[in-house]
Amino acid sequence: MNDPHDGPDVRHVHDGHDIGCLQAIELFHAYLDGELDPVSTAEIEHHLDHCRGCYSRAEFEGLLTARLRAVAAETAPEGLRTRLRRLMDEF
Amino acid sequence: MQAPEADRRDFSKRVEAHLDALYGVAMRLTRNAADAEDLVAESVAKAWASIDSLEDGDRFRAWIFRIMRNHFLTGYRKASRGPEFVGLEATTDEGDAGELAPFLYAQPDAFLQWWADPEKEVTDRMLGEEIMAAVNALPEAFRATILLVNVDGLGYDEAAEALGVPPGTVRSRMKRGRTLLQKALWEHARDAGLAPAGEAMA
């Protein structure tokens, strides 16, 4: 099976609206964290629609975040909840 | 003097809503479950005592995280059984995040595709302990920022307030820290023979 990610970004359209890979990568993390302004968001989404290499990079970052959240999230022990309820009852 | 019941109830609700994240941050600071519970309880008491300093109710999460961090840094650390904690203030040696884009650009497609393949059992095996090991190996400022944003779900401005740094520092730490993380994971996968060979990374 052909690897769709092999080779250059042949679908990448360098039109007048495209910000290019390096600038897109600069904005990746803020974009994925929902911290970009609307104009930059539109620019990076335009780029991702046309650049499969950056689409893969963004997909990697999104997966990494999801997996990190799955392994790193903590649940407060029941004992701590009870302790805090008692504490806050005294406020 | 008893606090107005509505204020107390509202405070309790907010603490409950953020308790998992508070405990998670406390665990990372103390690296010890018993100390983490103490740190959370003491910080909640301190937060209630200074509730008047909460000017904007929408900033509750950042506000109480900051109280906990300050409590840890100013007093709690001395008694902690955990390792010495590195300060999270902005430093001048965090590097220029802008220089990292060429690094990510050079990431081999084969690695990215391998990582994204949900059917690879080996991928999932790598992904629990090894992701955490890679995160824990990051410089503390990057580690703390990534975990606050990506695990605890704080916005950049909230994380900035909680860490006592400018918002721009959070943004650059996310870029640089996440790039360092990706580099570490790629090197691990390559060295372990897990990931397919790609072109050399810079």
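Our subject is the structure listed above.
Note that this is a predicted model, so its numbers are computed, not measured.

A. Quick peek at the nonpolar core. L22(B), Y23(B), A26(B), V40(B), M68(B) and A159(B) are the most contacted members of the largest nonpolar core, which has 54 residues in total. V40(B) has contacts with L80(A), L22(B), Y23(B) and A26(B), leaving out every residue within four places of it along the chain.

B. Quick peek at the packing of helix α1 (residues 21-32) of chain A against helix α3 (residues 52-72) of chain A. Residue and element names in this part refer to chain A. As a packed pair, α1 and α3 sit with axes 11 Å apart at the nearest point and diverge in direction by 25°. Comparing the axis directions of α1 and α3 gives the class roughly parallel. Crossing geometry of α1 relative to α3 is assigned as right-handed. Residue-level inspection shows C21, A24, I25, F28, H29 and L32 of α1 in contact with α3, the latter providing G53, C54, R57, A58, E61, G62 and T65. Of the residues contributing to the contact of α1 with α3, the split by class is seven nonpolar, four polar and two charged.

C. Structural detail: helix α4 (residues 78-89) of chain A. For α4(A), which comprises twelve residues, the first-to-last C-alpha distance of 17 Å matches the rise-based estimate of 16 Å (1.5 Å per residue) to within 8%. Those residues of α4(A) that fall on the buried side of the exposure criterion are L80(A), L84(A) and M88(A). Down the axis of α4(A), the smallest arc covering the buried residues is 65°, so these residues share one side. Turned more than 90 degrees away from the buried face of α4(A) sit E78(A), G79(A), T82(A), R85(A), R86(A) and D89(A), all of them exposed. Contacts from the buried residues of α4(A) go to α1 (5-17), α2 (19-30) and α3 (33-49) of chain B.

D. Structural view of the packing of helix α10 (residues 156-163) of chain B against helix α11 (residues 167-191) of chain B. Residue and element names in this part refer to chain B. Running from amino to carboxyl end, α10 crosses α11 at an angle of 110°, the nearest separation of the two axes being 8 Å. Here α11 runs roughly perpendicular to α10, going by the angle between their axes. Across the interface between the two elements, Y156, D157, A159 and A160 from α10 touch P167, T169, V170 and R171 from α11. Looking at the contact of α10 with α11, its residues break down into five nonpolar, one polar and two charged.

E. Representation of unusual backbone geometry. Residues and elements named next belong to chain B. Look at R31: it is not a glycine, yet its phi comes out positive at around 55°. Relative to the assigned elements, R31 resides in the loop between α2 and α3. With 15 C-beta atoms packed within 10 Å, R31 lands in the partly exposed category.

The rules behind each value
Residues numbered from 1 in each chain as written. Chains lettered and ligands numbered in written order. Predicted model: local features only at pLDDT ≥ 70, side-chain atom pairs only at ≥ 80, totals over all residues. Core = buried A, V, L, I, M, F, W, Y, C linked by C-beta atoms within 7 Å. Buried ≥ 20, exposed ≤ 12 C-beta atoms within 10 Å, placed from the backbone. Contact = placed C-beta atoms within 7 Å. Axes fitted to C-alpha atoms, helices over the stretch in contact; angles between N-to-C directions. Helix = DSSP H or I, 4+ residues; strand = E, 2+ residues; numbered from the N terminus. Parallel < 35°, antiparallel > 145°, perpendicular 65-115°, else oblique. Left-handed = near helix turned anticlockwise from the far one by under 90°. Nonpolar A, V, L, I, M, F, W, Y, C, P; charged D, E, K, R; others polar. Expected span 1.5 Å × (residues − 1). Arc of directions from axis to C-beta.

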